[in-house]
Amino acid sequence: MSDAGDQDGTVAERKMRFLFALRSRGVTDARVLTAMEAVDRGLFVRGLFAERAYEDMPLPIACGQTISQPSVVGLMTQALEVGPRDTVLEVGTGSGYQAAILAQLARRVYTVDRHRRLVREAEEIFAALHIRNIVAITADGSRGLPDQAPFDRILVTAAAEDPPGPLLAQLKIGGIMVLPVGQSDAVQSLIRVRRTETGYEYDELRPVRFVPLVEGVSYD
Ligand code: SAH
């Protein structure tokens, strides 16, 4: 199927529809929208589902995982309030799409996944896109990345029952963490945690559904 003139319209029309869907679901931050316009989601979805990459839905990727719904990626990125000097930790590289968006907004992004294959495939896409401020690592992200801590921002894209202690500890004072919490087969809540001088403040953003945060690493 050619890009121009297929049943879904031209590339420009498809992009406009994609951005319109994001805005209508509450992604209104101009920097986030610009970042999402710059990163082609189609590159991060392989195989059968590639042609649905511009629809606002989660899609299957390798290792039984999913690339999140674009509007959820946008809302999480917006809630994270990333600044250009920030160092960000993302737990759950998956396809690499969310990391590529964070990389447009932050100084440096560390992204970790427990599946080595996903990390390798994401690294190939970052290289092809000449994105140079992402460090992708195979690791159990529930422990954070002690050697690189503390972080200005932490984004977790897999659900734990509670915010993992090591991640709370690796957040800078003044830092923000956004993560889904709740049991994997139930509806989870997206929450935002701010670390203050004296402790942590929590607010609940919306119901979401993510794959579970699983301990340990898989070298398949
Ligand atoms: N952010 C991704 C979507 C992530 S899906 C994207 O943009 O495509 C959730 C990911 O979290 C999966 O790839 C899964 O392997 C990973 N994951 C689950 N538990 C983990 C853990 N303890 N440490 C690191 N990654 C984990």
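Everything here concerns the structure above.
The model shown is predicted, which means the values in this text are computed figures rather than measured ones.

The helix and strand tally for the chain stands at 6 helices and 9 strands. With the C-alpha coordinates aligned to their principal axes, the bounding extent of the chain is approximately 55 × 40 × 35 Å. The proportion of buried residues among the 220 residues of the chain is 50%. Considering only residue pairs separated by 6 or more positions, the chain has 53% of its internal contacts joining residues 24 or more positions apart. Carbon and sulfur atoms make up 50% of the accessible area of the chain, which totals about 10,800 Å².

Further remarks concern the side chain of Arg 192. Topologically, Arg 192 is positioned in strand β8 (residues 188–195). A relative accessible area of 14% places Arg 192 in the buried class. Within the local environment of Arg 192, its side chain forms a polar contact with the backbone oxygen of Ala 79, the two atoms lying 3.1 Å apart. Ignoring sequence-local partners within four residues, the contact set of Arg 192 consists of Ala 79, Glu 81, Ile 176, Met 177, Val 178, Glu 201, Tyr 202, Asp 203 and Leu 205.

Here we come to the pairing of strand β6 (residues 151–156). Taking burial as the measure, the 6 residues of β6 include 6 buried ones, the bulk of the element. The pairing of strand β3 (residues 87–91) with β6 spans 4 bridges and is classified as parallel. Residue pairing across strands places Leu 89 opposite Ile 154, the latter belonging to β6. Where β6 and strand β7 (residues 171–181) come together, 4 bridges link them in parallel fashion. Across the sheet, the residue bridging to Leu 155 is Val 178, located in β7.

Lining the immediate environment of the ligand, one finds 28 residues, of which Ser 95, Asp 113, Asp 140, Gly 141 and Val 214 sit closest. Asp 113 is positioned with one of its side-chain polar atoms (N or O) 2.7 Å from an oxygen atom of the ligand. One of the side-chain nitrogen or oxygen atoms of Thr 157 is found 3.1 Å away from a nitrogen atom of the ligand. For the ligand, whose accessible area on its own is 580 Å², the fraction buried by protein is 99%. Listed by contribution, the elements that provide at least two residues to the shell around the ligand are β2 (66–67), β3, α4 (97–105) and β4 (108–113). Tallied by class, residues from the shell around the ligand come to 11 nonpolar, 13 polar and 4 charged.

Counting 48 residues, the largest nonpolar core has Phe 44, Leu 80, Tyr 97, Val 109, Phe 126 and Val 178 as the members making the most contacts within it. Here this core gets 7 residues from one element, more than from any other, and that element is α4. Setting aside anything within four residues of it in sequence, one finds Val 178 in contact with Met 76, Ala 79, Leu 80, Ile 154, Leu 155, Val 156, Leu 190, Ile 191 and Arg 192.

Quick look at the sheet that holds β3 now. Sheet strands pair via backbone hydrogen bonds, and the direction of the pair is either parallel or antiparallel. Spatially, β5-β4-β3-β6-β7-β8-β9 is the arrangement adopted by the 7 strands of the open sheet, whose pairing is mixed. Taken across any chain shown, the strands that pair with only one partner, and hence form the sheet edges, are β5 (134–138) and β9 (200–208). The mean angle between the axes of side-by-side strands here comes to 15 degrees, regardless of whether they run parallel or antiparallel. With 5 bridges joining them, β3 and β4 adopt parallel strand pairing. Within β4, the position partnered with Val 91 by the bridge is Val 112. Strands in contact with helix α5 (residues 116–128) are β4 and β5; relative to β5, the strand with the most contacts, it is inclined by about 160 degrees.

With that settled, consider the environment of Asp 113. Turning to its location among the elements, Asp 113 is positioned in strand β4. Accessibility expressed as a relative area gives 8% for Asp 113, which makes it buried. Each C-alpha atom, one on Asp 113 and one on Val 217, is 8.0 Å from the other, the two residues being 104 residues apart in sequence. Not counting chain neighbours up to four residues away, the residues in contact with Asp 113 comprise Gly 92, Thr 93, Gly 94, Leu 118, Val 119, Ile 137, Thr 138 and Ala 139. A polar atom in the side chain of Asp 113 sits 2.9 Å from the backbone nitrogen of Gly 94.

The next thing to look at is helix α3 (residues 70–80). Of all 11 residues in α3, 10 are buried, a share of seventy percent or more. All of the buried residues along α3 are Pro 70, Ser 71, Val 72, Val 73, Gly 74, Leu 75, Met 76, Thr 77, Ala 79 and Leu 80. Following α3 by one or two positions, Glu 81 adopts a phi angle in the positive range, close to 50 degrees.

Rules behind the numbers
Residues numbered from 1 in each chain as written. Predicted model: local features only at pLDDT ≥ 70, side-chain atom pairs only at ≥ 80, totals over all residues. Heavy atoms only, no water. Helix = DSSP H or I, 4+ residues; strand = E, 2+ residues; numbered from the N terminus. Buried < 20%, exposed > 50% of the residue type's maximum accessible area, 1.4 Å probe, protein only. Contact = heavy atoms within 4.5 Å. Areas by Shrake-Rupley, 256 points an atom, 1.4 Å probe, with all protein chains shown as cover. Polar contact = N/O pair within 3.5 Å; in protein donor to acceptor, adjacent residues only side chain to side chain. Pairing = 2+ DSSP bridges. Near = heavy atom within 4 Å. Nonpolar A, V, L, I, M, F, W, Y, C, P; charged D, E, K, R; others polar. Core = buried A, V, L, I, M, F, W, Y, C linked by side-chain atoms within 4.5 Å. Axes fitted to C-alpha atoms, helices over the stretch in contact; angles between N-to-C directions.

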